Amino acid sequence: MTAAVDDALWAAIGDPTRRRMLDLLLSEGGGTATSLSEHLPVTRQAVAKHLAVLDRAGLVHAATAGRQRRYRVDQARLARAAAQLAEVGGAWDARLRRIRSIAEAIQHDKDTKTGNEQQTSDEH
């Protein structure tokens with residue numbers, strides 16, 4: 001792989017609640033812990049903790065608006081995550097193609113050997 005995988009980024013995205021929060025923030029153009037908690041089966045305090053994880057990973061940024069903090073997704077950071085995912089996916093696809101090729105070669109050798117043994121027993 002050409003780019004190093006960012007473990008903090010993937011740890012943040014690895015949680016399904018945080019992924020749902022990112023979806024909500026993207027679809028709404030941003031939001032607060034309170035507005036997000038209205039759409040999730042967790043408390044506002046839990047949402048705030050998840051937002052802190054996303055913020056540390058650089059996936060969201062907060063701006064204070066009055067008494068609330070409004071969060072928005074960092075599009076460039078999310079695009080970097082998508083690029084890393086595509087790169088990892090490509091590497092795994094290549095590995096799986098090699099495994100399949102090896103398995104097919106083994107099966108071909110096995111079939112050839114079985115066919116030769118069958119032909120030899122038919123001759124006797």
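Residues numbered from 1 in each chain as written. Predicted model: local features only at pLDDT ≥ 70, side-chain atom pairs only at ≥ 80, totals over all residues. Heavy atoms only, no water.

A. Highlighting the overall build of the protein chain. A count of helical and extended segments in the protein chain gives five helices and two strands. Sequence-ordered secondary structure for the protein chain, helices as α and strands as β, is α-α-α-α-β-β-α. Across the 124 residues of the protein chain, 24% fall into the buried class. Taking the intrachain contacts of the protein chain between residues at least 6 apart in sequence as the baseline, contacts between residues at least 24 apart amount to 54%. Approximately 8,500 Å² of the protein chain is accessible, and the part contributed by carbon and sulfur atoms is 54%. (Helix = DSSP H or I, 4+ residues; strand = E, 2+ residues; numbered from the N terminus. Buried < 20%, exposed > 50% of the residue type's maximum accessible area, 1.4 Å probe, protein only. Contact = heavy atoms within 4.5 Å. Areas by Shrake-Rupley, 256 points an atom, 1.4 Å probe, with all protein chains shown as cover.)

B. Broad picture of helix 4 (residues 44-56). An ideal rise of 1.5 Å per residue puts 18 Å on 13 residues; helix 4 measures up with 18 Å between its terminal C-alpha atoms. Regarding helix 4, the residues found buried are Val47, His50, Leu51 and Leu54. Angularly, the buried residues of helix 4 cover 105° about the axis, an arc narrow enough to put them on a single face. In helix 4, the exposed positions angled more than 90 degrees off the buried face are occupied by Gln45, Lys49 and Arg56. Residues of helix 4 that are buried in the fold lie against helix 1 (7-13), helix 2 (16-28), helix 3 (33-37), strand 1 (60-65) and strand 2 (68-73). Phi turns positive one or two residues past the end of helix 4, at glycine 58, with a value near 80°. (Expected span 1.5 Å × (residues − 1). Arc of directions from axis to C-beta.)

C. Examining the side chain of aspartate 74 more closely. Examined against the element boundaries, aspartate 74 turns out to sit in the loop between strand 2 and helix 5 (75-123). In this structure aspartate 74 is buried but unpaired, with arginine 72 as the nearest side chain of opposite charge at 5.7 Å. Excluding anything up to four places from it in sequence, aspartate 74 contacts Gly58, Leu59, Val60 and His61. (Lys, Arg positive; Asp, Glu negative; His and termini not counted. Salt bridge = Lys/Arg side-chain N within 4 Å of Asp/Glu carboxyl O.)

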